[in-house]
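This is what each chain is made of:
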Amino acid sequence: MKILITTQRDFVAQRFDLTAEVVIANVENGQLVGKPRAIIMDRPSAEDLCNMIMEENIAIVICGGIEDRHYQFLTWKKIRVIDFIIGDYETALQQAIAGKLHPGDLLPLSRSDLSL
Amino acid sequence: MKKTFAVPGEVLLEDLLAGFPHASAVLDEGFKIVAVNRMFEALTGYGRDVAVGVYADFIFRSNMGNNRGQVFQRVVETGETATIEGDIVNRSRKKIGIRFTVSLLHTRRGSHTKGLLVVLEDISAIEATAQKMLSDWSSDIIGHSPKMQAVFDVMPLMSQTEASILITGETGTGKDKIAEAIHRNSPRGKFQFVKINCGALPPDLLESELFGHVKGAFTGAVRDKPGMFKIADKGTIFLTEIGDMPLSLQVKLLSVLDDRAFYPVGGERKESVDVRVIAATHRSLREQVEAGAFREDLFYRLNVLHIHLPPLREREGDTRFLLDYFLQDYATRLGKEIQTFSDAALRHLLNYAYPGNIRELRNIVEYCANVCRKKNIGKEDLPAYLFAQVQAAAPKIPAPDLTPRREAAGKTAASPEDRQAVSGDNWTEIEKKMILEALTASKGNRAKAAEKLGWGRTTLWRKIARYGLG
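### Digging into the environment of V119 of chain B
Residue and element names in this part refer to chain B.
Part 1 of the reasoning: Here V119 lies in strand 5 (residues 114-122).
Part 2 of the reasoning: When the 22 C-beta atoms within 10 Å are taken as the criterion, V119 is described as buried.
Part 3 of the reasoning: C-alpha of V119 to C-alpha of H22: the two residues are 97 residues apart in sequence and 6.5 Å apart in space.
Part 4 of the reasoning: Leaving out residues up to four positions away in the same chain, V119 has contacts with F20, H22, S24 and T101.

### So, the confidence of the model for chain A
Part 1 of the reasoning: For chain A, the mean per-residue pLDDT works out to 90, and 93% of the residues sit at or above 70.
Part 2 of the reasoning: Per-residue pLDDT stays below 50 along residues 110-116 of chain A; that stretch engages in 10 contacts with residues further than four places along the chain or on separate chains.

### A few points about unusual backbone geometry
All names here are of chain B.
Part 1 of the reasoning: At F31, a position not held by glycine, the phi torsion is positive, near 65°.
Part 2 of the reasoning: Following the sequence through the fold, F31 ends up in the loop between strand 1 (23-27) and strand 2 (33-36).
Part 3 of the reasoning: One non-glycine residue, E241, lies in positive phi territory at about 55°.
Part 4 of the reasoning: Here E241 is to be found in the loop between strand 10 (236-240) and helix 11 (247-259).

### So, the sheet that holds strand 13 (residues 276-281) of chain B
Residues and elements named next belong to chain B.
Part 1 of the reasoning: The strand order across the open sheet formed by five strands is 7-10-13-6-14, and the pairing between neighbours is parallel. Pairing within the sheet leaves two strands with one partner each, and these edge strands are strand 7 (193-197) and strand 14 (305-309). Looking at each pair of strands side by side, their axes are set apart by 20° on average, direction ignored.
Part 2 of the reasoning: Both strand 6 (residues 165-169) and strand 14 contribute to a ladder of five bridges, which runs parallel. Of the residues in strand 14, the one forming a bridge with I165 is L305.

### Looking at the interface of chain B and chain A
One frequent convention defines the size of an interface as the accessible area lost when the parts assemble.
Part 1 of the reasoning: Taken residue by residue, the interface counts 15 residues in chain B and 15 residues in chain A.
Part 2 of the reasoning: Residue composition of the side of chain B that touches chain A, by class: five nonpolar, three polar and seven charged.

### Overview of the packing of helix 21 (residues 446-453) of chain B against helix 22 (residues 457-467) of chain B
Residue and element names in this part refer to chain B.
Part 1 of the reasoning: Closest axis-to-axis distance for the helix 21/helix 22 pair is 9 Å, and the angle between their directions is 100°. With respect to each other, helix 21 and helix 22 are oriented roughly perpendicular. In this structure, helix 21 contributes R446, A447, A449, A450 and L453 to the contact, and helix 22 contributes R457, L460 and W461.
Part 2 of the reasoning: Taken together, the residues of the contact of helix 21 with helix 22 break down into six nonpolar, no polar and two charged.

Conventions used here
Residues numbered from 1 in each chain as written. Chains lettered and ligands numbered in written order. Predicted model: local features only at pLDDT ≥ 70, side-chain atom pairs only at ≥ 80, totals over all residues. Helix = DSSP H or I, 4+ residues; strand = E, 2+ residues; numbered from the N terminus. Buried ≥ 20, exposed ≤ 12 C-beta atoms within 10 Å, placed from the backbone. Contact = placed C-beta atoms within 7 Å. pLDDT = per-residue confidence, 0-100. Pairing = 2+ DSSP bridges. Axes fitted to C-alpha atoms, helices over the stretch in contact; angles between N-to-C directions. Nonpolar A, V, L, I, M, F, W, Y, C, P; charged D, E, K, R; others polar. Parallel < 35°, antiparallel > 145°, perpendicular 65-115°, else oblique.

Put into structure tokens, the structure is as follows:
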């Protein structure tokens, strides 16, 4: 199972359509397999991101704010979207693997948010 | 020095924000949310229990370019309020157009000496309207002739740039309307559009009007006064009759255009402004440059983009449309049942040269609408001065075929030779007579006389001076 997280430096990106960087992690039997892969996109584009999610066979998308049309498209394609996450992406990934991440979660920040 | 006001006792930020008509949030110096109002909760979908204590960008989810808090940091450093248009994605997954206004908050006591106030104004409705307006540029500018269509074609492009524009055209061709339409449809449209007539004021007064003055700069300067350039900050300043601007001020204007900063009259502190300049003139600036009455460098600086508005006599077919449009307008305003022009009246109106262009045409129609007591405007309802001119030119102008409508209007475009006859040498005498009659009728009141003639006050003043009637 592949998990994609939209990122902005160490954090889950605020917005899906403004994301220029994603992290893709492979998870098998509740364990992280290998090192998560970071991909930098040519430009921020919700449409390009949706295409990438389809091509990479992503099962779960973890993101910040997402427009309804993109959310509906992804869920229609049977992709689980955990949106409006606030926090650093590593914690979000850990929580998702543990099955404890829910839409709108405000995660305890493992780094100082002033680093933004 | 800035005046400060203190509210006695402790003031709860929530109580203060509750009175704001837009979604608002107060941030601390680390840009975390300290307080929000109910409008903010409704707009973003985040309750204060979640939002307070969180870095603001995580809640706003905006595209205002606040990467690493750059916008917030700039406001803190400069103390200048930032206004940015963008959008947010709220908790209902809806993208909403927002105008963000970020301003600095000073506190006198407490651990935090500075904070920020962020106001989020929902502009989605305004954006929808603006989009509609953009699609129809000619909504309040009437013109179907090819020359006007060419003007309409370039206007959207000009509105999206920051370059200076020079609008030329005879008096009454609608230079002001075009300038305002360009401003309204530009990214500066939400800010001020300030119009100033460079020919209407003496040089010293004009300098003070344009650039402002400080208290004590001259006798009567009892307080600081911001100039039009400062008032138009972030907006557009429209300098009409730029050809009449004195040379001394042209130098100062050039430096403002180059440096985006100026000194107010008597001031020691340089004022920075972000203003787009649109200039207009009925004169040929190129000829004025050659005659040494206009600075060449300023001419090139203003003439980055150029629009020339054709006179009405060159706008084939538009005269008839404008006559009908203004007749309907004035009939509605005056509550009269006037429907159209009689054939005889129309023949005279279509043969007339309209040296005052659309302004003159509008005033002729207003006169007719006021005077007419029937359903159709007859020859007897037209202003008397039209006949003097038409009679002088009558042998040279063929009677137009009044049907069908568009063809009739097209035939009114007389040849240059014919127009010369219409507005030939004797026009000066007719104009002098018109001025004298108007002044007599208005008992010497120039404003009323100008209104009666369908001219601007400046035009009347200039013509009085030219004919030595003053």
